[in-house]
Amino acid sequence: MSEVTAAGGLAQTRPLRRRAGLREEVHEAVLELLVTGAIAEGSALRVDAIAQQLGVSPTPVREALVQLESTGLVEHVANKGFAVAARLRHDELAELVDARSVLEVAAARRAAAAADPELAARLDELTAQQERAAAGLDAADGLAWREYLRIDHAFHDAIFDGSRNRYLVRLAHTIDAQAQRVRQSVRLGVTDADAAIAEHRAIAAAIAAGDVAAADAAMAAHLHRVLELSLDSD
């Protein structure tokens, strides 16, 4: 396993401010490094090195790595410690998107049935934000691409929240990190921004209209294309 070095991205991480939510902040900082590919797969995750870069004690870092094992992004190697897990194989990618489709179509149906005007407004705003982000998207600019994906992620999260089913939300969170990692790894030179935004608008319109069948169809079509893009980029 290779060591985590400045080239791996940790040297650019700013020390975290100390506050009550330190454990959660450390978890989010390490997760960000993993899903964006700042640390290459197979690289060793040295607790002391990460703690030093984040300006915290080793304890919350170790706790974050243990927690992240359950996402499949981190693996514990006997007698060696933690390492970045390998990316999903072709068949695992297909299973991941299939599972995501089951959950997200269910969430979209329930969100449409709820017919919440606040959710409709939120989805419209997020789609507008994503459209603005895409207008200036430069495939060579990793920060701009991550901002675009942050909005994309927020759109799907809002639908899960709008489903009003806490168990659907929890199930989604169990595969969320892997889904983000896959989305981040899609080659930046060929983005799907225009198609994704059009599909998001169709999903948002169906939910706003309270059209359960249309929400089901729009979300299913969107995720089918995501599956094809993910597998083509594998």
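In case you missed it, the structure is sitting above this.
Residues numbered from 1 in each chain as written. Predicted model: local features only at pLDDT ≥ 70, side-chain atom pairs only at ≥ 80, totals over all residues. Heavy atoms only, no water.

Enquirer: Can you break down the overall build of the protein residue by residue, with the values?
Expert: Counting its regular elements, the protein contains nine helices and three strands. Residue burial in the protein is summarised as follows: out of 234 residues, 45% are buried. Residue pairs at least 24 apart in sequence account for 75% of intrachain contacts in the protein once pairs closer than 6 positions are excluded. As presented, the protein carries roughly 11800 Å² of accessible surface, and 51% of it is formed by carbon and sulfur atoms. (Helix = DSSP H or I, 4+ residues; strand = E, 2+ residues; numbered from the N terminus. Buried < 20%, exposed > 50% of the residue type's maximum accessible area, 1.4 Å probe, protein only. Contact = heavy atoms within 4.5 Å. Areas by Shrake-Rupley, 256 points an atom, 1.4 Å probe, with all protein chains shown as cover.)

Enquirer: Explain the nonpolar core residue by residue, including any values.
Expert: Judged by nonpolar contacts, the single largest core of 39 residues is most densely connected at Leu123, Tyr148, Phe155, Ile159, Ile203, Ile207 and Met219. Counting residues per element, the ones that place at least two in this core are helix 4 (90–114), helix 5 (117–135), helix 6 (142–162), helix 7 (166–185), helix 8 (193–209) and helix 9 (212–232). Every residue in contact with Ile159, bar those within four places of it in the chain, is listed here: Ala107, Ala108, Ala111, Leu123, Ile203, Ile207 and Met219. (Core = buried A, V, L, I, M, F, W, Y, C linked by side-chain atoms within 4.5 Å.)

Enquirer: Tell me about unusual backbone geometry, and name the residues and values.
Expert: Glycine aside, the phi torsion of most residues is negative, and most peptide linkages are trans. With phi around 50 degrees, Ala115 is a residue other than glycine that occupies positive phi space. With respect to the secondary-structure elements, Ala115 resides in the loop between helix 4 and helix 5. Residue Ala115 is classed as partly exposed on the basis of its relative accessible area of 42%. Despite not being glycine, Arg164 shows a phi value in the positive range, around 60 degrees. If you trace the backbone, Arg164 turns up in the loop between helix 6 and helix 7.

Enquirer: Explain the environment of Gly42 to me, using residue names and the numbers behind them.
Expert: Tracing the backbone shows Gly42 in the loop between helix 1 (22–35) and strand 1 (44–45). Along the chain, Gly42 and Arg87 lie 45 residues apart, while their C-alpha atoms are 9.4 Å from each other.

Enquirer: Tell me about helix 2 (residues 47–54), residues and numbers included.
Expert: The complete set of buried residues in helix 2 reads Val47, Ile50, Ala51 and Leu54. Angular distribution of buried residues about the axis of helix 2 spans 100 degrees; they occupy a single face of the element. Across helix 2 from its buried face, at more than 90 degrees, point the exposed residues Asp48 and Gln52. Against helix 1, strand 1 and helix 3 (58–69) lie the buried residues of helix 2. (Arc of directions from axis to C-beta.)

Enquirer: Outline the pairing of strand 3 (residues 81–84), listing residues and values.
Expert: In this sheet, strand 3 lies alongside strand 1 in antiparallel orientation, the contact comprising two bridges. Looking across to strand 3, one finds that Leu45 is bridged to Phe82. Following strand 2 (residues 74–77), the chain reverses through three residues before pairing antiparallel with strand 3; Asn79 in that reversal takes a positive phi of roughly 70 degrees. (Pairing = 2+ DSSP bridges.)

Enquirer: An account of the packing of helix 1 against helix 3 is needed here, citing residue identities and associated values.
Expert: How two helices pack is summed up by the angle between their axes together with the distance between the axes. Contact geometry for helix 1 and helix 3: axes closest at 9 Å, N-to-C directions at 55 degrees. When the axis of helix 1 is compared with that of helix 3, the two are oblique. When the axes of helix 1 and helix 3 are compared, the crossing they make is right-handed. Two secondary-structure elements touch here, helix 1 through Arg23, Val26, His27, Val30, Leu31 and Leu34 and helix 3 through Pro60, Val61, Glu63, Ala64, Leu65, Gln67 and Leu68. In the contact of helix 1 with helix 3, the residues fall into nine nonpolar, two polar and two charged. (Axes fitted to C-alpha atoms, helices over the stretch in contact; angles between N-to-C directions. Parallel < 35°, antiparallel > 145°, perpendicular 65-115°, else oblique. Left-handed = near helix turned anticlockwise from the far one by under 90°. Nonpolar A, V, L, I, M, F, W, Y, C, P; charged D, E, K, R; others polar.)

Enquirer: Describe the side chain of Gln130, naming the residues involved and giving the relevant values.
Expert: Tracing the backbone through its elements, the reader meets Gln130 in helix 5. At 3.4 Å, the side chain of Gln130 forms a polar contact with the side chain of Tyr148. Reaching out from Gln130, the side chain makes a polar contact with the side chain of Asp152 at a distance of 3.2 Å. Non-local contacts of Gln130, meaning those with residues more than four positions away in its chain, are made with Tyr148, Ile151, Asp152, Ile197 and His200. (Polar contact = N/O pair within 3.5 Å; in protein donor to acceptor, adjacent residues only side chain to side chain.)

Enquirer: Provide a residue-level description of the pattern of salt bridges, including the pertinent values.
Expert: Applying the stated criterion across every chain, the model contains ten salt bridges. Measuring nitrogen to oxygen at the nearest pair gives 2.9 Å for the salt bridge that ties Arg109 to Asp216. Remark: Asp216 occurs in helix 9 and Arg109 occurs in helix 4; sequence separation between them is 107 residues. Its relative accessible area of 35% is what places Arg109 among the partly exposed residues. (Salt bridge = Lys/Arg side-chain N within 4 Å of Asp/Glu carboxyl O.)

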